[in-house]
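Architecture at a glance
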Amino acid sequence: MNVFEESIDELYEMAPCGYVSYVSDRTVVKVNQTLLGWLGRAAHEVVGRPFTDLLNTGGRVYFETHLDPLLALEGHVREIALELVGVDGSRLPVLVNIVAAPATPTRPLVYRATVLDATDRRAYERELLAARRQAERRGERLAVLQQLAGGLCAALDSHAIANVVADAAKATVGADVGILWLVGPDDALHPASSTGWSEAATLKPIARTDVSAHLEAMTDGNIRVVHRAEADRSYPEMAGRMRRAQLHSAWFVPFRRGGQIAGIVAYGFRDQTDLADDDFALLGALGDHTAAALERAAYFETQRDIASTLQHGLLAHTPLDDPRLTYSAAYVGGHREMAVGGDWYDVFPIDPDCVAIVVGDVVGGGLPAAVVMGQLRSATRALAQAGFGPGDVLAHLDTFAVHTPGAFCATVLVAVLDLPTGRLRYACAGHLPALLRHRGVAVYLGGGRNPLLGLHPAGPRAQTEHTLTSGDVLVLYTDGLVERRGEPIDLGLDRLAETVGGAVEPITAGSLIESLAPHGAEDDTCAVVLAYRP
Amino acid sequence: MAHGFGCDQSMWRHMTTLLSADYQLITFDYAGFGASDVSDYDASRYENLRGYADDVIGLAEELDLRDFVFVGHSVSAMIGVLAVPQLGERLSALVLLCPSPRYIDDPGDETATPEGYRGGFTRADIDELLESLDGNYLGWSAAMAPVVMGRPDRPELDGELTELFCRVDPTVAARFARATFLSDNRADLAGVDVATLILQCRADVIAPSAVGDYVHAAIAGSRLVTLDATGHCPNLSAPEATAKAVDDFVHGLRRATAPVEPRPESRRTGDER
């Protein structure tokens, strides 16, 4: 074993760490070779000069504002990260421990620092911090996307979606302006919605033949970033708008639907903004969400259009133009999204002097009921126009109902009015009675009562006659007009009779529905109001 | 007594010892510093010094301070200057310890000297400082780890650090630094209409003596005292001289005003938050 005395001088000068000592006014009083070597300096350049000269600006400020006070309070500091500046200006990241050695009779207070080269550690720390920051940003972005997805789920049509996307511009990417452009049927780009910009209403559609940054983004499907300088050169009109909106840059994010570019979300920024890779990914994801939502909305709208078209088709009829009667008819769907149901009305001529009035109600609601309703309506028309009286029409409808799925137990009221004489024949299959106002008094026509369709009673269907006089008003309707939840139907019938009986001005079907079955009723409502003036 | 950039109310430790016999003293931590609850920190409020000035005003109103002397160290000196108009009658005097209304040089400002205003730093210097603070490694220290980690559920991690002084959350520090070092409150100095004492150190890189001279010239009737101390924190490095300067100043004020019924305090004690 070779035990020997280490030279103190060598231990100090050649230590694997740097040593430096300084006094209260920051003057360095001693420094070891190791540190000098790291700094590339000679002893006389460091000793006698301020310790803080070895630090970068940030370090100097930090020393005066943090380190020195901490040393004064605690007497030592540990593992402080600093940067030393070498003679060539290079930066050396270090970790420093400093301890204050109190003054003695032979020397003043001195601060003794140990300096460790922390280059590798700093690199590692940087990576850790960057990774943490990236994870935080990812977390933030995920939250943003979730919020947007929630907003899009709640948006039911493309208009609402466009608003959600534009409004989210600020929340998602911090944009000051957001505009959603959609490709229209004319293949041009149309502004759909915007946020943050007062001039938005002046935007015009962009045709494929125009020159614009929007189209360029659409051509290659990549996000396009345009700064004001480039806009000034290549897109003067857009540059003008950017200037007025005080925008520094504009980003155009195309999104696809079914493999084709369906539109662009345009973001405008007032301040300098740099795109990170994560931003691109986020924008792409936002575009995908938008596209998916629009897809869903388009499907929904198509469904609704189909339903609406169907309904209108099912209830379409050529208005009657005969001076001997005036009539109005109205249908209001229940408040469910599909505005189609099983109720119907029909008014049609049998011959030039004879008019049929029908109301009916198929079991159930929505599209299935509407499909059946259409068939029943057509069948009723055909039978009445073939010359069958109301009772016989019902009898034949029974057969029809038995063989037509969904028509079973439908209700219908068929009335035929002979215009020259005012003779009204009617038959009712389980339907609510028609209301007649004669000389200011409203009474229900209770005759011609029969069971629901499809029940095939024995014997002929009951039919009743009544003669109308000039000025009489006839009201046919479905139960939505008189039924209210939790109320016996008699109350509703009384209410209808009062309304019609007491009416001073001419009644219309629309106004009746408006006053008796206000918005929010769950059931469909149909009404026909007919005034006889021979 | 308001702490400046870099520490918390423990800065006043020595001064408190020296002055508490004759005065009632209030020290506090700004939001995000010292023992204050970092979760209360609202970044948008403190984007510039105005938010801090509002806090000082709020404190004065909540404690119903009257005839008090505001002692502001470093950037708190300017925070005090900003608060002067709204403090109104409550405030009887200002003590600005190592103040600087602007840290970045402004060659175009000839009101200071023909060469312009010397704040002591170039824009590049400040950018480097802010960048290093943003990078979160400057001063990253094991001693500050519990604050950084924010694990109140793991108290065993604090260990011997319960007596830690000058605790600062790095994010808060970075923002405070930005608000401080990018500030420009030269124009606000003229609005100071209370008796003012300016204390500066002989050799202070953060607030050089030329800056102290500038502040003295800008505040009418102010008094300037240069302490024989190095560095930016004479309240710690030369507490006796600092305390004496403050004491002399306040006594001078007392003599100048009409005699009132004796009151033992001109400042009240308390440790905020």
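Residues numbered from 1 in each chain as written. Chains lettered and ligands numbered in written order. Predicted model: local features only at pLDDT ≥ 70, side-chain atom pairs only at ≥ 80, totals over all residues. Heavy atoms only, no water.

1. A look at the overall build of chain B
Across its full length, chain B holds 10 helices and 6 strands. A burial count over chain B gives 54% of its 273 residues as buried. Look at the contacts in chain B between residues 6 or more apart in sequence, and 73% of them connect residues 24 or more apart. As displayed, chain B has an accessible area near 11900 Å², and 50% of this comes from carbon and sulfur atoms. (Helix = DSSP H or I, 4+ residues; strand = E, 2+ residues; numbered from the N terminus. Buried < 20%, exposed > 50% of the residue type's maximum accessible area, 1.4 Å probe, protein only. Contact = heavy atoms within 4.5 Å. Areas by Shrake-Rupley, 256 points an atom, 1.4 Å probe, with all protein chains shown as cover.)

2. A look at the confidence of the model for chain B
All names here are of chain B. Put simply, chain B has an average pLDDT of 79, and 79% of its residues get 70 or more. Mean pLDDT per element in chain B: strand 6 (residues 270-271) is the minimum at 34, and strand 3 (residues 91-97) is the maximum at 93. Contacts from residues 258-273, a stretch scored under 50 in pLDDT, to residues over four places away or in other chains number 41 contacts. Predicted complex metrics record ipTM = 0.77 and pTM = 0.55. (pLDDT = per-residue confidence, 0-100.)

3. Description of the packing of aromatic side chains
Residue and element names in this part refer to chain B. With the rule as written, the count across this model stands at 14 aromatic pairs over all chains. Relative to phenylalanine 181, the ring of phenylalanine 121 has its centre 6.3 Å away and its plane inclined at 75°; by these criteria the two rings are edge-to-face. Remark: phenylalanine 181 occurs in helix 6 (residues 170-181) and phenylalanine 121 occurs in the loop between strand 3 and helix 4 (123-134); sequence separation between them is 60 residues. With a relative accessible area of 1%, phenylalanine 181 lands in the buried category. Of the aromatic side chains, those joined through ring pairs into one cluster are Phe28, Tyr30, Tyr46, Tyr52 and Phe176. Between the NZ or CZ atom of arginine 186 and the centre of the ring of tyrosine 117, over which it lies, the distance is 5.0 Å. (Phe/Tyr/Trp six-rings, centres within 6.5 Å; stacked < 30°, edge-to-face > 60°. Lys NZ or Arg CZ within 6 Å of the ring centre and 35° of its normal.)

4. Examining the packing of helix 13 (residues 489-502) of chain A against helix 14 (residues 509-516) of chain A
Residues and elements named next belong to chain A. At a closest axis distance of 11 Å, the pairing of helix 13 and helix 14 adopts a crossing angle of 135°. The angle between helix 13 and helix 14 falls in the class oblique. You can see that helix 13 and helix 14 cross each other, and the crossing is right-handed. Contacts between helix 13 and helix 14 pair Arg495, Leu496, Thr499 and Val500 from the former with Leu512, Ser515 and Leu516 from the latter. (Axes fitted to C-alpha atoms, helices over the stretch in contact; angles between N-to-C directions. Parallel < 35°, antiparallel > 145°, perpendicular 65-115°, else oblique. Left-handed = near helix turned anticlockwise from the far one by under 90°.)

5. A few points about empty space enclosed by the protein
Residues and elements named next belong to chain A. Taken as a whole, this structure holds 2 cavities of 30 Å³ or more when the rule is applied. The space that makes up the largest cavity amounts to roughly 200 Å³. As for the largest cavity, its lining consists of 16 residues, of which Ile179, Trp197, Met238, Met242 and Leu247 are closest to the centre. Contributions of two or more residues to the lining of the largest cavity are made by strand 6 (177-183), helix 9 (236-244), strand 9 (249-257) and strand 10 (260-269). Of the residues belonging to the lining of the largest cavity, the class tally is 13 nonpolar, 2 polar and 1 charged. (1 Å grid on protein atoms, 1.4 Å probe; cavity = no way out; pocket = protein on both sides within 12 Å on 5 of 7 lines; lining within 4 Å. Points joined across faces, edges and corners; volume = space filled by probe spheres on them. Nonpolar A, V, L, I, M, F, W, Y, C, P; charged D, E, K, R; others polar.)

6. Here's the deal with the sheet that holds strand 3 (residues 76-85) of chain A
Residue and element names in this part refer to chain A. In space, the 5 strands of this open sheet follow the order 2-1-5-4-3, with antiparallel pairing throughout. Each edge of the open sheet carries a strand with a single partner, namely strand 2 (28-31) and strand 3. Along the sheet, successive strands turn relative to each other by an average axial angle of 25°, direction set aside. Relative to strand 2, strand 1 (residues 18-23) is paired through 3 bridges, and the arrangement is antiparallel. Opposite serine 21, over in strand 2, you have lysine 30 as the bridge partner. (Pairing = 2+ DSSP bridges.)

7. A look at the pairing of strand 21 (residues 525-532) of chain A
Residues and elements named next belong to chain A. Counted residue by residue, strand 21 has 8 buried out of 8 residues, so it is predominantly covered. Alternating positions in strand 21 separate into two faces, Thr525, Ala527, Val529 and Ala531 on one and Cys526, Val528, Leu530 and Tyr532 on the other, with burial throughout. Pairing of strand 11 (residues 325-332) with strand 21, which is carried by 8 bridges, proceeds in the antiparallel orientation. Directly across from serine 328, in strand 21, lies its bridge partner valine 529. Relative to strand 21, strand 20 (residues 473-477) is paired through 5 bridges, and the arrangement is antiparallel. Its bridge partner lying in strand 21, leucine 476 is registered against valine 528.

8. Description of the environment of alanine 31 of chain B
Relative to the assigned elements, alanine 31 of chain B resides in the loop between strand 1 (26-27) and helix 2 (49-62). With 12 residues separating them in the primary sequence, alanine 31 of chain B and alanine 43 of chain B have C-alpha atoms 9.9 Å apart.

9. Concerning a negative patch on the surface
Residues and elements named next belong to chain A. On the surface, Glu5, Glu6, Asp9 and Glu10 cluster together to form a negatively charged patch. Along the chain, glutamate 6 turns up in the segment before helix 1 (8-13). Classification of glutamate 6 by relative accessible area gives partly exposed; the value is 41%. (Patch = residues over 30% accessible without salt bridge, like charges linked within 9 Å, V, L, I, M, F, W, Y side chains within 5 Å. Salt bridge = Lys/Arg side-chain N within 4 Å of Asp/Glu carboxyl O. Lys, Arg positive; Asp, Glu negative; His and termini not counted. Charge placed at Lys NZ, Arg CZ, Asp CG, Glu CD.)

10. Things to note about the pairing of strand 16 (residues 434-438) of chain A
Residues and elements named next belong to chain A. Most of strand 16 sits inside the fold, with 4 of its 5 residues counted as buried. From the end of strand 16 to the start of strand 17 (residues 441-445), which pair antiparallel, there are 2 residues, and arginine 439 there has a positive phi angle of about 55°. In terms of strand pairing, strand 16 meets strand 20 through 3 bridges, oriented antiparallel. Note that in strand 20 the partner of leucine 436 across the bridge is leucine 474.

11. Overview of the sheet that holds strand 3 of chain B
Residue and element names in this part refer to chain B. Taken together, the 4 strands give an open sheet; going across it, the order is 2-3-4-5, and neighbouring strands pair in parallel fashion. Two strands lie at the open edges of the sheet, namely strand 2 (68-73) and strand 5 (223-230), each paired on one side alone. Direction aside, the axes of adjacent strands within the sheet are offset by 20° on average. Pairing of strand 2 with strand 3 involves 6 bridges; the strand directions are parallel. Of the residues in strand 3, the one forming a bridge with glycine 72 is leucine 96. The sheet contacts of helix 8 (residues 209-218) involve strand 3, strand 4 (195-203) and strand 5, and relative to strand 4 the element is tilted by about 165°.

12. Thoughts on the pattern of salt bridges
A complete count under the given rule lists 30 salt bridges over all chains for this structure. We note a salt bridge from arginine 377 of chain A to aspartate 346 of chain A, for which the minimum N-O separation is 3.2 Å. Of this pair, arginine 377 of chain A sits in helix 11 (residues 366-385) while aspartate 346 of chain A sits in strand 12 (residues 343-351), placing them 31 residues apart in sequence. We note that arginine 377 of chain A, like aspartate 346 of chain A, is buried. The salt bridge involving arginine 102 of chain B is made with aspartate 184 of chain B; its shortest N-O contact spans 3.0 Å. With arginine 102 of chain B in the loop between strand 3 and helix 4 and aspartate 184 of chain B in the loop between helix 6 and helix 7 (186-189), the pair connects residues that are 82 residues apart, well separated along the chain. Exposure remark for arginine 102 of chain B: the relative accessible area of 17% places this residue in the buried category. By relative accessible area, which is 35% here, aspartate 184 of chain B ends up partly exposed. One continuous salt-bridge network, built from bridges that share partners, spans Arg102, Asp106, Asp184 and Arg186 of chain B.

13. Examining the packing of helix 2 of chain B against helix 3 (residues 75-87) of chain B
All names here are of chain B. Interhelical geometry of helix 2 versus helix 3 gives an angle of 60° and a closest axis separation of 8 Å. The angle between helix 2 and helix 3 falls in the class oblique. Between helix 2 and helix 3 lies a crossing of right-handed hand. Each of Leu49, Arg50, Tyr52, Ala53, Val56, Ile57 and Ala60 in helix 2 lies in contact with helix 3, whose residues at this interface are Val75, Met78, Ile79, Leu82, Ala83, Gln86 and Leu87. Of the residues assigned to the contact of helix 2 with helix 3, the class counts are 12 nonpolar, 1 polar and 1 charged.

14. Observations concerning the environment of asparagine 97 of chain A
All names here are of chain A. Of note, asparagine 97 is situated in strand 4 (residues 91-101). Owing to a relative accessible area of 33%, asparagine 97 belongs among the partly exposed residues under this scheme. Distance from asparagine 97 to alanine 81, taken between C-alpha atoms, is 9.4 Å for residues 16 residues apart in sequence. Every residue in contact with asparagine 97, bar those within four places of it in the chain, is listed here: Val77, Arg78, Glu79, Arg112, Ala113 and Thr114. Engagement of the side chain of asparagine 97 in a polar contact is seen with the backbone nitrogen of glutamate 79, the distance being 2.7 Å. (Polar contact = N/O pair within 3.5 Å; in protein donor to acceptor, adjacent residues only side chain to side chain.)

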